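# Survey of secondary and tertiary structure
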Amino acid sequence: MKNVAQRAYFGKALADLGGKDAEIVVLDADLGSSTKTSDFAKSYPERFFQCGIAEQNMIGTAAGLAVSGKKVFASTFAVFATGRCWDQIRQSVAYPDLNVKIVATHCGISVGGDGASHQALEDVSLMRSLPNMTVICPADANEAYKATMAMAEHDGPCYMRMGRADFPVITGEEDVFIIGKATVLKKGKDVTLVGSGQMVSVCLEAAEMLKEDGVSAEVINMSTVKPLDADTLLESADRTRCVVTAEEHSIIGGLGSAVAECLSENDNQPLSRVGVRDSFGESGEPEELMIKYGLTKEDIVFAARKVIDRKRKKKGFLWRK
Amino acid sequence: MPNEEMDFDFLKERARTIRRHVIDMTCAAGSGHPGGSLSATEILCTLYFHVMKHDPEAPQWKKRDRFVLSKGHVAPGLYAVLAESGYFPVEELRTLRELGSRLQGHPSYGKLPGIEMSTGSLGQGISIANGMALAAKLDSSDHRIYCLCGDGELQSGQNWEAAMLAAHYKLDNITVFVDRNKLQIMGDTEDVLSIEPLADKWTAFGWNVLEIDGHDFAAIIKACEDAKRFRGRPTVVIANTVKGRGVSFMENNADFHGKCCNPEQKEKAMCELEECL
């Protein structure tokens, strides 16, 4: 499996979009060389606006462009893209339901050495709670490319988050990406593993480990966290009778919460959440941090075993082999 | 026609009508923000009834001038000029703040024709104007962007981020009016958090700065014309005004920032507005 940075493909997608659609405009807050909006800037400098280290004004400016008919992509690190200007996103983008795409890189603890100040673990929660907002966490670089294209076609506000590091490419170039549609990457019958972002590939690795123990895990790529694909989730949970979520985000308000909300309002299958457990991150190598904060394939396997135990203890559980 | 020879009776009459609407609709709603609407009445009337190119029959006309109400609590004043312009029936003004009304407590984009942007959370309007101005430049359209700010809201940092960007990109198609009525909820702006020296701040941020009497139609029109001629920089018009203007007991009274008249006060206010100006 090849490792590629999602942001590289996002940059490529934006540059490709620039050539196809003259209404595409890109805004940056002094991080374009990292977020890769610089690719677009090189090709279409007249439609690229550097806003400086002033995210609140960047979002307002994006709203003003969007309300004038432009398709606006505003990009910076996830911490600044959501937290620094949440009120501007709420008031000037989500409430008037404008065509602004907020695309963030450097999400999660895998940012590494920069430490907690730069590791967004709350961004999905912040964006998911806003009416009209679509929230996308692509599983790999291919999906980052396709999601960028899909957002340009989608009318309304979107938030997309991507990591800094190179992640395994797990989807094919020919695979279809549809906003709001989850994909079952691996069929299974004992437990459903639901991942978002780079944790989808970790779910696939965990499924392999579980297989060695004779446990058959289904893996769902829930790359759109909002709107959640409840049909795909419930159809799977109905068969496996237990669910594990995995996200590089706080367990509060992100994918785990979205899945918990959906399950508890339906048949309420047992759920276990893998994510950062209500804490800030810290400096370190990405791999060290993923271990320390419980985001490895072993953590998913452990959560799967626990949740399978819980389902077996449930009243009325029938062994089905 | 040179301004000094213009007959302002029409605008004066309009201003009186707008002020009466503001009192009437906030009283009907039982809440709202009359004070700032009354201080900004001449600015709103001059823009909508004289300066701006706009068409109530075609609210989405691409080349129309845009107006962003950064001080969103002045919604009653804006709704009144929109209704009197013909964007929606004047009778609808009395639905202000009612459940299901298109006239939300603060302007809501997409509900009411003529509203260019949702506002109400202060300090965001100039950023919106920036985006609109950049779009106009990209589209090589010569329409202009007008934005009305409160003075108190200039305490918010986003305004100054926006001021920097407008100057950096030479957005000479923006005219910002500051309704300098000197009062905010907790009192005098200079006691709450001083914003002076205000003109110097804007100058330092690279703007063309004009200072006028914000109740003088000729001065407002001239400022708009000067701003239009000025190339390479955005223009800010510091419009010195009186909060609650036109109603004796509301003038310079911060209590009427976010409070409407009681029935006796309403009667008195309407009487004064019959005779004033």
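Before any of the text, the structure's been laid out above.
Residues numbered from 1 in each chain as written. Chains lettered and ligands numbered in written order. Predicted model: local features only at pLDDT ≥ 70, side-chain atom pairs only at ≥ 80, totals over all residues.

So, on to the overall build of chain B. Helix and strand counts for chain B come out as 10 helices and seven strands. Against the globule reference of 19 Å for 277 residues, chain B gives a C-alpha radius of gyration of 17 Å, in line with a compact fold. By principal-axis analysis of the C-alpha atoms, chain B measures approximately 50 × 45 × 45 Å. By residue count, 52% of the 277 residues in chain B fall in the buried class. Taking the intrachain contacts of chain B between residues at least 6 apart in sequence as the baseline, contacts between residues at least 24 apart amount to 78%. (Helix = DSSP H or I, 4+ residues; strand = E, 2+ residues; numbered from the N terminus. Rg over C-alpha atoms; globule rule 2.2 N^0.38 Å. Buried ≥ 20, exposed ≤ 12 C-beta atoms within 10 Å, placed from the backbone. Contact = placed C-beta atoms within 7 Å.)

Our next topic: the overall build of chain A. In terms of regular secondary structure, chain A is built from 13 helices and 14 strands. Its C-alpha atoms give chain A a radius of gyration of 19 Å, near enough to 20 Å, the size a compact globule of 321 residues would have. In terms of principal-axis extent, the alpha carbons of chain A reach across some 65 × 35 × 35 Å. Counting all 321 residues of chain A, 61% fall into the buried class. Pairs at least 24 apart in sequence give 79% of the contacts found in chain A among residues at least 6 apart.

The subject of this paragraph is the packing of helix α1 (residues 6–20) of chain A against helix α8 (residues 141–153) of chain A. Residue and element names in this part refer to chain A. Here α1 crosses α8 at 35 degrees, and the two axes come no closer than 7 Å. Two packed elements cross with a definite hand, and for α1 against α8 that hand is right-handed. Contacts between α1 and α8 pair Q6, A8, Y9, F10, K12, A13, L14 and L17 from the former with A141, N142, A144, Y145, T148, M149 and A152 from the latter. Among the residues making up the contact of α1 with α8, the classes are represented as 11 nonpolar, three polar and one charged. (Axes fitted to C-alpha atoms, helices over the stretch in contact; angles between N-to-C directions. Left-handed = near helix turned anticlockwise from the far one by under 90°. Nonpolar A, V, L, I, M, F, W, Y, C, P; charged D, E, K, R; others polar.)

As a further point, take the sheet that holds strand β9 (residues 183–186) of chain A. All names here are of chain A. The sheet built from five strands is open, its strands ordered β9-β11-β10-β13-β14 with mixed pairing. Edge positions in the sheet fall to β9 and β14 (271–276), since each of these pairs with one other strand and no more. Across the sheet, the mean angle separating the axes of adjacent strands is 25 degrees when strand polarity is ignored. Where strand β10 (residues 191–195) and strand β13 (residues 243–250) come together, four bridges link them in parallel fashion. Residue T192 lies in a different strand from β13, and its bridge partner there is V243. (Pairing = 2+ DSSP bridges.)

Further remarks concern the interface of chain A and chain B. Size of an interface: often given as the accessible area lost when the parts come together. Chain A puts 23 residues into the contact, and the matching count from chain B is 21 residues. Sorting the residues of the side of chain A that touches chain B by element identifies α4 (55–67) and α6 (86–94) of chain A as the ones contributing at least two each. Residue contributions to the side of chain A that touches chain B peak at nine residues, all from α4(A). Class assignment of the residues belonging to the side of chain A that touches chain B gives a composition of nine nonpolar, 10 polar and four charged.

For the rest of this paragraph, the subject is the nonpolar core. Residues and elements named next belong to chain A. With 191 residues, the main nonpolar core has L193, C203, I300 and A304 as its most contacted residues. Taken domain by domain, the makeup of this core includes at least three residues from each of domain 1 (3–168) and domain 2 (183–312). Setting aside its immediate chain neighbours within four residues, I300 contacts L193, V202, C203, A206, V244, A246 and V274. (Core = buried A, V, L, I, M, F, W, Y, C linked by C-beta atoms within 7 Å. Domains from an automatic or database assignment.)

Glancing now at the pairing of strand β7 (residues 158–161) of chain A. Within a regular strand, side chains alternate between the sheet's two faces. All names here are of chain A. Of the two faces of β7, both are covered, the one formed by C158 and M160 as well as the one formed by Y159 and R161. Direction of pairing for strand β5 (residues 100–105) relative to β7: parallel, over a ladder of four bridges. If you follow I102 over to β7, its bridge partner there is Y159. In the sheet, strand β6 (residues 134–136) pairs with β7 via three bridges, with the strands oriented parallel. Each residue of the ladder has a partner; that of V135, found in β7, is Y159. Each parallel crossover has a hand, and for β6 linked through α8 to β7 it is right-handed. (Right-handed = clockwise from strand over helix to strand, strands pointing away.)

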